[in-house]
Amino acid sequence: MATAGSAAQVQALGRDHAFHPLRIARVVDETADARSFVLEVPAELEAAFAYRAGQFVTHRVSIDGQHLLRCYSMSSSPDVDDEFQVTVKRVPGGAVSNWMIDELHAGDVIDTTCPAGVFCLDAEDTDVVAFAGGSGITPVFSIVKTALATTSRRVHLLYANRDRDSIIFGTELDRLADQHPDRLDVVHHLDVEQGFIDGDTVRPFAGIANDAEFFICGPPPFMDIVEGTLIDRRVDEARIHIERFTPAAPASTTQPSDEAGPTDKTRVTIELGGKVDTVDHHPGTTILQTARQMGMSAPSSCESGSCATCMARLVEGHVEMFVNNALTEDEVAEGWVLTCQSVPTTPTVHVVYEEG
Ligand SMILES: Cc1cc2nc3c(=O)[nH]c(=O)nc-3n(C[C@H](O)[C@H](O)[C@H](O)COP(=O)(O)OP(=O)(O)OC[C@H]3O[C@@H](n4cnc5c(N)ncnc54)[C@H](O)[C@@H]3O)c2cc1C
């Protein structure tokens with residue numbers, strides 16, 4: 001899977017991990033349960049907020065006195081759109097998505113990190129085959145616009161939604177298909193009419209071109225079916241880009257249990273917000289998971305090694321970082337680690353979360 005960025009990609013990603021207050025210029029109703037937020041990027045931050053189609057930002061919001069962090073992808077394309085826009089869809093019972101849709105208005109300010117992420121087009125001239133489900137259209141829409149505007153690549157999109165009224169960017173996609181009849185085809189799949197997608201829905205897309213570049217973003221079951229079908233059809237996994245909106249456990253780690261389990265004789269010390277604690281490490285558990293076991297509310301967001309929200313400084317010992325799509329080589333050399341992806345490899349490890 002094309003999940004880990006190359007060193008060059010990582011170098012190209014934002015080095016500024018701070019939150020910047022951005023003013024909301026406009027709020028756009030997309031569907032009954034999705035809204036776009038156009039953010040004003042001040043001139044002095046324009047370079048830091050330069051982005052590639054498919055990337056995302058992390059917002060920090062305060063709800064009932066609690067700081068919450070969530071990632072949202074840009075639905076705008078840096079190559080087509082003048083405005084910088086994210087699109088949020090309600091998640092039933094979800095804290096931040098509902099709060100943003102209900103409470104944020106033009107003129108409000110929202111804390112935002114610089115763009116990050118590697119769910120982006122490679123420099124190729126092959127077909128682009130994209131699969132989007134629900135809010136997964138957000139980064140895919142940006143990628144589609146960029147591919148059409150800056151390349152001569154053909155773009156094929158399978159876009160699944162519950163029903164016709166839930167289709168985000170339907171009119172814009174129709175307009176793009178009219179403008180590029182030989183280069184863009186959009187196949188809509190509506191669950192209420194056709195049931196959930198299955199292998200038969202996906203297979204024709206797998207066979208479009210052997211060397212196509214594939215993009216998948218949507219709810220976990222949707223992504224599992226698409227990915228599984230592509231792999232069954234022997235699509236090269238290196239050509240498949242996946243953006244997960246829900247955290248996936250890092251490879252070769254296990255979820256920690258609340259009960260005391262076996263330890264690997266490693267002692268982990270974590271400092272956060274003036275509190276210091278040391279515990280025995282549970283095999284396979286990440287530093288972030290260990291901090292949570294200690295009862296610390298360590299910062300985190302994507303939990304897939306892409307956003308750097310969970311970064312902390314390693315002041316003693318070594319860790320293995322499974323995925324790093326966010327820190328530069330210099331930052332890693334300075335001792336910064338992504339705690340959601342880091343597992344200790346020495347008998348003692350000491351990590352400090354610095355106040356941001
Ligand atoms: C890289 C990336 C890009 C993303 N881009 C977008 C985007 O462009 N657009 C978009 O809409 N989303 C996007 N997301 C998803 C987004 O970050 C949020 O995860 C999403 O909006 C849900 O957040 P929430 O705070 O509303 O829900 P949460 O409060 O995190 O809840 C999520 C789910 O858990 C359930 N839940 C919450 N608390 C409990 C509990 N105590 N017990 C049981 N269940 C519980 C909720 O009911 C809900 O179903 C992206 C995510 C990532 C990682």
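Thresholds, definitions, all that
- Residues numbered from 1 in each chain as written.
- Predicted model: local features only at pLDDT ≥ 70, side-chain atom pairs only at ≥ 80, totals over all residues.
- Heavy atoms only, no water.
- Helix = DSSP H or I, 4+ residues; strand = E, 2+ residues; numbered from the N terminus.
- Pairing = 2+ DSSP bridges.
- Axes fitted to C-alpha atoms, helices over the stretch in contact; angles between N-to-C directions.
- Contact = heavy atoms within 4.5 Å.
- Polar contact = N/O pair within 3.5 Å; in protein donor to acceptor, adjacent residues only side chain to side chain.
- Near = heavy atom within 4 Å.
- Nonpolar A, V, L, I, M, F, W, Y, C, P; charged D, E, K, R; others polar.
- Buried < 20%, exposed > 50% of the residue type's maximum accessible area, 1.4 Å probe, protein only.
- Core = buried A, V, L, I, M, F, W, Y, C linked by side-chain atoms within 4.5 Å.
- Phe/Tyr/Trp six-rings, centres within 6.5 Å; stacked < 30°, edge-to-face > 60°.
- pLDDT = per-residue confidence, 0-100.

A closer look at unusual backbone geometry
Consideration 1: With phi around 50°, Asp64 is a residue other than glycine that occupies positive phi space.
Consideration 2: With respect to the helices and strands, Asp64 occurs in the loop between strand S3 (56-63) and strand S4 (66-73).
Consideration 3: Even without a glycine there, the phi angle at Ala308 is positive, about 70°.
Consideration 4: With respect to the helices, strands and loops of the structure, Ala308 is situated in the loop between helix H8 (287-293) and strand S14 (311-316).

A word on the sheet that holds strand S10 (residues 213-217)
Consideration 1: Strand order in this open sheet of five strands is S9-S8-S7-S10-S11, and the pairing throughout is parallel. Among the strands making up the open sheet, the edge pair consists of strand S9 (184-190) and strand S11 (240-243). With direction set aside, neighbouring strand axes in the sheet form an average angle of 15°.
Consideration 2: The sheet contact formed by strand S7 (residues 128-133) and strand S8 (residues 155-161) spans six bridges and is parallel.

What about the environment of Thr151?
Consideration 1: Looking at where Thr151 falls in the secondary structure, it is placed in the loop between helix H3 (137-150) and S8.
Consideration 2: The spacing of Thr151 and Ile137 is 14 residues in sequence and 20 Å in space, taken between C-alpha atoms.
Consideration 3: Setting aside anything within four residues of it in sequence, one finds Thr151 in contact with Thr146 and Arg183.
Consideration 4: Of note is the side chain of Thr151, whose polar atom sits 2.5 Å from the backbone oxygen of Ala147.

With respect to the site of the ligand
Consideration 1: Around the ligand sit 21 residues in total, of which Arg70, Cys71, Tyr72, Val96 and Ser97 are the nearest.
Consideration 2: Take Cys71: an N or O atom from its main chain is 2.6 Å from an oxygen atom of the ligand.
Consideration 3: One nitrogen or oxygen atom from the main chain of Ala95 is found 2.9 Å from an oxygen atom belonging to the ligand.
Consideration 4: Where the shell around the ligand is concerned, the elements lending two or more residues are S4, strand S5 (84-89) and helix H2 (95-103).
Consideration 5: Per element, the largest residue contribution to the shell around the ligand is four residues, and it comes from S4.
Consideration 6: Considering only residue class, the shell around the ligand consists of ten nonpolar, seven polar and four charged.

What to know about the pairing of strand S18 (residues 348-353)
Consideration 1: In terms of burial, S18 is largely enclosed, as five of its six residues are buried.
Consideration 2: Looking at chain direction, strand S12 (residues 267-272) and S18 are connected through six bridges and run parallel. Each residue of the ladder has a partner; that of Glu271, found in S18, is Val352.
Consideration 3: Here S14 runs beside S18; their pairing, made up of three bridges, is antiparallel.

Remarks on the side chain of Ser75
Consideration 1: Looking at where Ser75 falls in the secondary structure, it is placed in the loop between S4 and S5.
Consideration 2: Here Ser75 falls in the buried class, since its relative accessible area comes to 0%.
Consideration 3: Of note is the side chain of Ser75, whose polar atom sits 2.7 Å from the side chain of Thr87.
Consideration 4: With residues up to four places along the chain from it excluded, the contact list for Ser75 reads Ser36, Asp81, Gln85, Val86, Thr87, Thr138, Phe141, Ser142, Lys145 and Phe169.

Re the nonpolar core
For soluble globular proteins, the rule of thumb is that nonpolar side chains tend to be buried together.
Consideration 1: Among the nonpolar cores identified, the biggest contains 26 residues, and Ile137, Val140, Val144, Val155, Leu157, Tyr159 and Phe215 are the most heavily contacted of them.
Consideration 2: Mapped by element, the contributors of at least two residues to this core are S7, H3, S8, helix H4 (170-179), S9 and S10.
Consideration 3: A total of seven residues in this core trace back to one element, the largest contributor, which is H3.
Consideration 4: Beyond its immediate stretch of four places on either side in the chain, Phe215 contacts Phe119, Cys120, Leu121, Val128, Val129, Ala130, Phe131, Ile143 and His241.
Consideration 5: Listed in part, the 24 residues of the second largest apolar core include Leu288, Ala312, Val319 and Leu338.

Description of the packing of aromatic side chains
Consideration 1: Throughout the structure, instances matching the rule amount to five aromatic pairs.
Consideration 2: The interplanar angle of 15° and the centroid separation of 4.3 Å between the aromatic rings of Phe141 and Phe169 together place this pair among those described as stacked. Here Phe141, found in helix H3, pairs with Phe169, found in the loop between S8 and H4; they are 28 residues apart in sequence, far enough to count as distant. For the pair shown, Phe141 and Phe169 are each scored as buried.
Consideration 3: Among the aromatic side chains, those forming a connected cluster through ring pairs are Phe49, Tyr51 and Phe84.

Quick word on the confidence of the model for the chain
Consideration 1: When the pLDDT values of the chain are averaged, the result is 90; 91% of them are 70 or greater.
Consideration 2: Every residue in residues 1-14 is under pLDDT 50, and counting partners more than four places away or in other chains gives 34 contacts.
Consideration 3: Here residues 250-260 scores under 50 on pLDDT; set against residues more than four positions off or in separate chains, the count is 22 contacts.

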